[in-house]
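Architecture and fold: a report
The chain contents come next:
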Amino acid sequence: IEDKRNPDDDCFLAEVKVPLKPADNEDEGFWADAQLISQELQKGPSRIDAKVYTMRGKYKQYFLRVTPEGEAISQSANLKVTPDRTLEIVVEDVSALVSS
């Protein structure tokens with residue numbers, strides 16, 4: 001988890017367990033459901049109060065938003081997981097919700 005909410009861009013590791021579906025080509029890794037990942041992240045000490053995305057090629061794929069009232073919003077979507085079963089995610093400040 002790369003946290004862009006502060007100027008230091010802190011990085012953290014959060015381990016969550018979700019089912020993975022193999023990609024068509026096993027060298028490409030796996031797919032994970034964004035909603036399941038969001039639910040697992042929000043359960044534990046890694047709870048996120050922001051908006052969250054992962055990169056899919058050159059595009060930001062937002063998969064979790066937490067409203068200023070604290071409501072977590074996510075929906076089912078495929079997130080690309082690397083062959084070593086990691087998913088790099090980026091956390092942005094909740095105040096960025098207004099601009100996106």
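Heads up: these notes are all about the structure in this document. Being a predicted model, the structure only gives us computed values, none of them experimental.

**Focus: the sheet that holds strand β5 (residues 50-56)**
Reading across from one edge, β2-β1-β9-β5-β6-β7 is the order of the six strands in this open sheet, with mixed pairing throughout. The sheet terminates laterally at β2 (10-11) and β7 (72-73), the two strands that pair on one side only. Set on the sheet, helix α1 (residues 34-43) makes contact with β6 (59-66) and β7; between it and β6 the angle comes to about 50°.

**Structural notes on the pattern of salt bridges**
Under the criterion given, the structure shown has six salt bridges. For E92, the salt bridge goes to K51, with nearest N and O atoms at 3.6 Å. Taken together, the positions of E92 in strand β9 (residues 90-93) and K51 in strand β5 put the pair 41 residues apart, joining distant regions of the chain. For E92, a relative accessible area of 13% corresponds to the buried category.

**Quick notes on the layout of surface pockets**
As a volume, the largest pocket reaches approximately 660 Å³. What lines the largest pocket is a set of 23 residues, and nearest its centre among them are A14, R85, T86, L87 and E88. Elements represented by at least two residues in the lining of the largest pocket include exactly α1 and β5. Taken together, the residues of the lining of the largest pocket sort by class into 16 nonpolar, two polar and five charged.

**Brief notes about α1**
Among the residues of α1, those classed as buried are A34, I37, S38, L41 and Q42. One face of α1 carries all of its buried residues, which in axial projection span an arc of 125°. Looking at the buried positions of α1, the neighbouring elements they touch are β4 (30-33), β6, β7 and β8 (78-81). A distance of 2.7 Å separates the backbone nitrogen of Q35 from a side-chain oxygen at the start of α1, and that oxygen is part of D33.

So, how was this worked out
Residues numbered from 1 in each chain as written. Predicted model: local features only at pLDDT ≥ 70, side-chain atom pairs only at ≥ 80, totals over all residues. Heavy atoms only, no water. Pairing = 2+ DSSP bridges. Helix = DSSP H or I, 4+ residues; strand = E, 2+ residues; numbered from the N terminus. Contact = heavy atoms within 4.5 Å. Axes fitted to C-alpha atoms, helices over the stretch in contact; angles between N-to-C directions. Salt bridge = Lys/Arg side-chain N within 4 Å of Asp/Glu carboxyl O. Buried < 20%, exposed > 50% of the residue type's maximum accessible area, 1.4 Å probe, protein only. 1 Å grid on protein atoms, 1.4 Å probe; cavity = no way out; pocket = protein on both sides within 12 Å on 5 of 7 lines; lining within 4 Å. Points joined across faces, edges and corners; volume = space filled by probe spheres on them. Nonpolar A, V, L, I, M, F, W, Y, C, P; charged D, E, K, R; others polar. Arc of directions from axis to C-beta. Polar contact = N/O pair within 3.5 Å; in protein donor to acceptor, adjacent residues only side chain to side chain.

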